[in-house]
2 protein chains.
Amino acid sequence: MAKRITGPEIEKLIQLLAKVPGLGPRSARRAALHLVKKKDQLLGPLGKAMGEAYDKVRICSCCGNIDTADPCAICTDERRDHGVIIVVEDVSDLWALERAGAMNAAYHVLGGTLSPLDGVGPDDLNVKGLVSRVAEGRVREVIIAVNATVEGQTTAHYITDQLSGFEVKITRLAHGVPVGGELDYLDEGTLSAALRARTAF
Amino acid sequence: MAKRITGPEIEKLIQLLAKVPGLGPRSARRAALHLVKKKDQLLGPLGKAMGEAYDKVRICSCCGNIDTADPCAICTDERRDHGVIIVVEDVSDLWALERAGAMNAAYHVLGGTLSPLDGVGPDDLNVKGLVSRVAEGRVREVIIAVNATVEGQTTAHYITDQLSGFEVKITRLAHGVPVGGELDYLDEGTLSAALRARTAF
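Under an unreviewed UniProt entry, chain A has the name Recombination protein RecR and belongs to Gellertiella hungarica. If you open the UniProt record of chain A and go to Function (unreviewed entry), you find "May play a role in DNA repair. It seems to be involved in an RecBC-independent recombinational process of DNA repair. It may act with RecF and RecO." In its Sequence similarities (unreviewed entry) section, the UniProt entry covering chain A states "Belongs to the RecR family."

Caption draft 1: Layout of the interface of chain B and chain A. Between chain B and chain A, the contact holds 57 residues from the first and 57 residues from the second. Here chain B packs against chain A, burying approximately 5,500 Å² in sum over the two surfaces, 72% of which is carbon and sulfur. Three residues stand out in chain B for area buried against chain A, namely Ile5, Met50 and Trp95 of chain B, and they jointly supply 13% of the buried area on that side. Residue Asp90 of chain B is joined to Lys37 of chain A by a salt bridge in which the shortest nitrogen-to-oxygen separation is 2.7 Å. Taken together, the elements giving at least two residues each to the side of chain B that touches chain A come down to helix 1 (8-17), helix 2 (25-37), helix 3 (39-56), strand 2 (66-67) and helix 4 (91-100) of chain B.

Caption draft 2: Layout of helix 2 of chain B. Between its first and last C-alpha, helix 2 of chain B extends 19 Å over 13 residues, near the 18 Å set by a 1.5 Å rise per residue. Regarding helix 2 of chain B, the residues found buried are Ser27, Ala28, Arg29, Ala31, Ala32, Leu33, Leu35 and Val36 of chain B. Lining the buried residues of helix 2 of chain B we find helix 3 (39-56), strand 2 (66-67) and helix 4 (91-100) of chain A together with helix 1 and helix 3 of chain B.

Caption draft 3: How the structure looks around the confidence of the model for chain A. Residue-level pLDDT values for chain A average 91, and 99% of them are 70 or greater. Looking across chain A, the model is least confident in helix 7 (residues 188-196) of chain A, with a mean pLDDT of 89, and most confident in strand 3 (residues 81-88) of chain A, with 96.

Caption draft 4: Up close: the sheet that holds strand 4 (residues 105-109) of chain B. Residues and elements named next belong to chain B. In space, the four strands of this open sheet follow the order 4-3-5-6, with parallel pairing throughout. The two strands at the open ends of the sheet, each matched to only one other strand, are strand 4 and strand 6 (169-172). In this sheet, adjacent strand axes meet at a mean angle of 25° when their direction is disregarded. Where strand 3 (residues 81-88) meets strand 4, five bridges bridge the pair, whose relative direction is parallel. Following the sheet pairing, Asp81 is matched in strand 4 by Ala105. Against the sheet, helix 4 contacts strand 3 and strand 4, and its axis sits at roughly 160° relative to strand 4. Sitting on the sheet, helix 5 (residues 127-135) is in contact with strand 3, strand 4 and strand 5 (141-144), with an inclination near 150° to strand 4.

Caption draft 5: Inspection of the nonpolar core at higher detail. Ranked by internal contacts, the top residues of the largest apolar core, which has 76 residues, are Leu17 of chain A together with Leu17 of chain B. Among residues more than four places away in sequence, those in contact with Leu17 of chain A are Leu23, Ala28, Ala31, Ala32 and Leu35 of chain A together with Leu46 and Met50 of chain B.

Each value, and the rule that gives it
Residues numbered from 1 in each chain as written. Chains lettered and ligands numbered in written order. Predicted model: local features only at pLDDT ≥ 70, side-chain atom pairs only at ≥ 80, totals over all residues. Heavy atoms only, no water. UniProt positions renumbered as here; feature names shortened; annotations may be inferred. Contact = heavy atoms within 4.5 Å. Buried area = accessible area lost by both parts, 1.4 Å probe. Salt bridge = Lys/Arg side-chain N within 4 Å of Asp/Glu carboxyl O. Helix = DSSP H or I, 4+ residues; strand = E, 2+ residues; numbered from the N terminus. Expected span 1.5 Å × (residues − 1). Buried < 20%, exposed > 50% of the residue type's maximum accessible area, 1.4 Å probe, protein only. pLDDT = per-residue confidence, 0-100. Pairing = 2+ DSSP bridges. Axes fitted to C-alpha atoms, helices over the stretch in contact; angles between N-to-C directions. Core = buried A, V, L, I, M, F, W, Y, C linked by side-chain atoms within 4.5 Å.

Right, dumping it as structure tokens:
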């Protein structure tokens, strides 16, 4: 836009909003207008919330979760079973598993997967932290909950290797048909895995 | 989520982000994680930009545009033809027309359309402001660029009525086939209008 149609502060807001995942240049403009119209209910509080999050956010030095306390709320939760560690690639995976609410365990965030093509090697992942947590001797089981991709599986094998010297049970997520999934839409790999791992009715 | 898995400041950020148009509860969580990970490049600057926009944003008392100055950048732009006023429903329409860049005119934002069912009457729209701008005598043409909906057309008729006492040309946007549009996908009303308003090849 060569001609100025609104203030530089609003243009700046639109530019930054366009970088938020889920918003593009066009929806950023719509979002900015909505924010400005709901100045007191949304723009002000959201700006303040961002400032507070900016000041207080920490990465848990134990498990890698994002929180405003270090160690995080999960690592300091005494009602959890800290003898079981669920290993995930990213904080978003940790949050997804917590939403499922199936386990009351501790976590470990790797911060990615091994990917030589992208230049991600073992030292770029937080595997050492996992090994030293296991070395303390109180962990009974490590559940490897990485994505079912080639990189994820490579990472899973590497972790299994690193933990081979310890007396700890290493498990991984089951493969199978997603709940609510239709067979016709599933790939052959998933169907084969679901057949191999069939259970008694 | 009954169990706390992250800090209250981050939960608050997710809650507020979910209210931004274009983001839902799930994408708000993803956006918040991205913001927190890009703390210095995105979270900090965006929070600051929101604070600045909150402090400085104004609604132009002349045309209703949103800007950080009052009167706005368009109303004070001397290179524009202030003898032509384009009447729009919303600031987003003003911005859309400016992106098209077809006219170098002034604007007037109504702030909605007449909609008796939703309780929006003539006094809820900024029609009086338009009438007094026209009454000053320097306006030659009013282009009514409201949406082609029933409410938009009702509003257009109401405005025409209010301006009937003044010597001013009142025009409206042409109906027709959208550029790049396929006839097969267009409704009968649009096709009829396009046929009626056919032009020489």
